[in-house]
Amino acid sequence: MTRPSQRSMAFFAAALVAALAIWGTSLARAEKQGTTQNSAEECKMDPVAQSICVYDLILDDIRDNYRQRGGGGISGIVQTSTTGFTARLEQEGRVDVRSYEIRFEADGRPAIVSVTEATETM
Amino acid sequence: MKSTIKFPRFDAELDTDCCDPYNNAELTLTLRLGFTQINPAGGAAAGSHHDYGNAAKPTRKTIKWTDAAWKTWKDNFCSTAQSFWTGKFWLVNDAGSFPFVTKSGQGYIPNVWCRMKIVAQDGSAANNHHSISVVRLDPSESWFGSHSTLYDSKDTDLVQKNTDSAGNKVMQRAHVHEVGHLLGLGHVDIGKAHCPASGDTNASACYGVADNDMKSVMGSGMELRLEHAEPWREAIRGFSIGEVLTGVLAPGKLFLPFGRLLIGANPLFAVWPAKFKRHYPRTAEEVAAGTLITAKPARPA
Ligand SMILES: [Zn+2]
């Protein structure tokens, strides 16, 4: 058995670090998917980051609470006021409309105050 | 005797010629559906169509109907929807209607077997009860936003509509649900607090919240319920009351028309309860006693 060269040892170590970094990132992503709240740090960064947090929250609510899983899926989520959003889900003969009222916590994180369900008959 | 009453949603034919000590009258509701193709614009082989035919909604890829595909689709629509709905209910004759006497002199009162027939016609036919336009989806498309008069070629497929409390998929073939509407049936939860009859009865909660309701064909599933016999019950009341009116005008034509009123089996107040099981014709005494006969009885020839 030949002894590995210095150079190949260094390459192996670098590859190991890279693999660990990728594993760490995917672990963090998996943890985030398991929660319904983004971290305060993420949500107060800037307006775009904050609205990403709002949309994440709405998507989490649909994932957890909307059981009519057939149909055409989510055809849109639209902001209607600073704290108002509506999500539209296409179904046979109708569009289900979920209206959200959002509150922003002092740390920037959004929270759902209320969800109202309505239907538009097509 | 065969007689027909034309209702706005369907024609109802009552056949009492088939009655004997073992066989009931047959009530057939006939739906004449006028189908019209929707093809890509300009005679093209492929194109697109907006969900619900609404230009503000997403488009789905469509392809041109061929004669063979059109015939296959219509045949499949009619045969599968018809076999779902026909022959599933019996109405127990608590009205004493349509009595008959066998050659041996024994009188019987038949129950009513509920049948349904779908006739596919051209969309332009004058006597269609309902008109339906149909897009043919490109094979790459899995869904199109249909509504009561605009269907797609995949509306006959069994697909997930809902999820029960245990996380199981609740599946439905859209066209059998739609035919329920064409017969006059509403969604399963109409009248409950979460789906008031005065509100939009198309709201998602109207398709059933409790697991059992969700699984109804007039919810998100494929199960029949006894209340789905309502179109036939409505039709048979028409025949039954018509029979009494005929009896009043020509009393000699009917067997015991007024005697029925006296024994309490009054067509005007009859309920015609629906059953999922065959109930055999009964004698007047058996009707008066409220006896139900679900096993083949011994009857004189
Ligand atoms: Zn419906």
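Residues numbered from 1 in each chain as written. Chains lettered and ligands numbered in written order. Predicted model: local features only at pLDDT ≥ 70, side-chain atom pairs only at ≥ 80, totals over all residues. Heavy atoms only, no water.

J.: An account of the environment of Gly 219 of chain B is needed here, citing residue identities and associated values.
T.: All names here are of chain B. With respect to the element layout, Gly 219 can be found in the loop between helix H3 (211–214) and helix H4 (230–249). What makes Gly 219 buried here is its relative accessible area of 0%. Distance in space between the C-alpha atoms of Gly 219 and His 187 is 5.9 Å, their sequence separation being 32 residues. Ignoring anything within four residues of it in the chain, the contact list for Gly 219 reads Gln 172, His 177, Val 188, Tyr 207, Asp 213 and Met 214. (Helix = DSSP H or I, 4+ residues; strand = E, 2+ residues; numbered from the N terminus. Buried < 20%, exposed > 50% of the residue type's maximum accessible area, 1.4 Å probe, protein only. Contact = heavy atoms within 4.5 Å.)

J.: Account for the interface of chain A and chain B, naming residues and giving values.
T.: By a widespread convention, an interface's size corresponds to the accessible area lost as its parts come together. With 18 residues of chain A at the contact, the number on the chain B side is 26 residues. Together, the buried faces of chain A and chain B total about 1,800 Å²; carbon and sulfur atoms form 41% of this surface. The residue Arg 60 of chain B makes a salt bridge to Glu 90 of chain A at a minimum N-O spacing of 3.6 Å. Our count for the chain A to chain B interface comes out at 11 residue pairs in polar contact (both at pLDDT 80 or more). Counting residues per element, the ones that place at least two in the side of chain A that touches chain B are strand S2 (84–91), strand S3 (94–104) and strand S4 (110–121) of chain A. (Buried area = accessible area lost by both parts, 1.4 Å probe. Salt bridge = Lys/Arg side-chain N within 4 Å of Asp/Glu carboxyl O. Polar contact = N/O pair within 3.5 Å; in protein donor to acceptor, adjacent residues only side chain to side chain.)

J.: Describe the domain arrangement of chain B, with residues and values.
T.: Residues and elements named next belong to chain B. Splitting chain B by domain gives domain 1 (2–156 + 273–288) and domain 2 (159–224). In this assembly, 22 residues from domain 1 lie in contact with 16 residues from domain 2. Here domain 1 meets domain 2 over a buried area of about 1,600 Å², counting both sides, of which 73% is carbon and sulfur. When the area that domain 1 buries against domain 2 is broken down by residue, the three leading residues are Phe 84, Trp 85 and Asp 155, summing to 36%. If you look at where domain 1 meets domain 2, you find 0 salt bridges. Counting across the interface, domain 1 meets domain 2 through 7 residue pairs in polar contact (both at pLDDT 80 or more). (Domains from an automatic or database assignment.)

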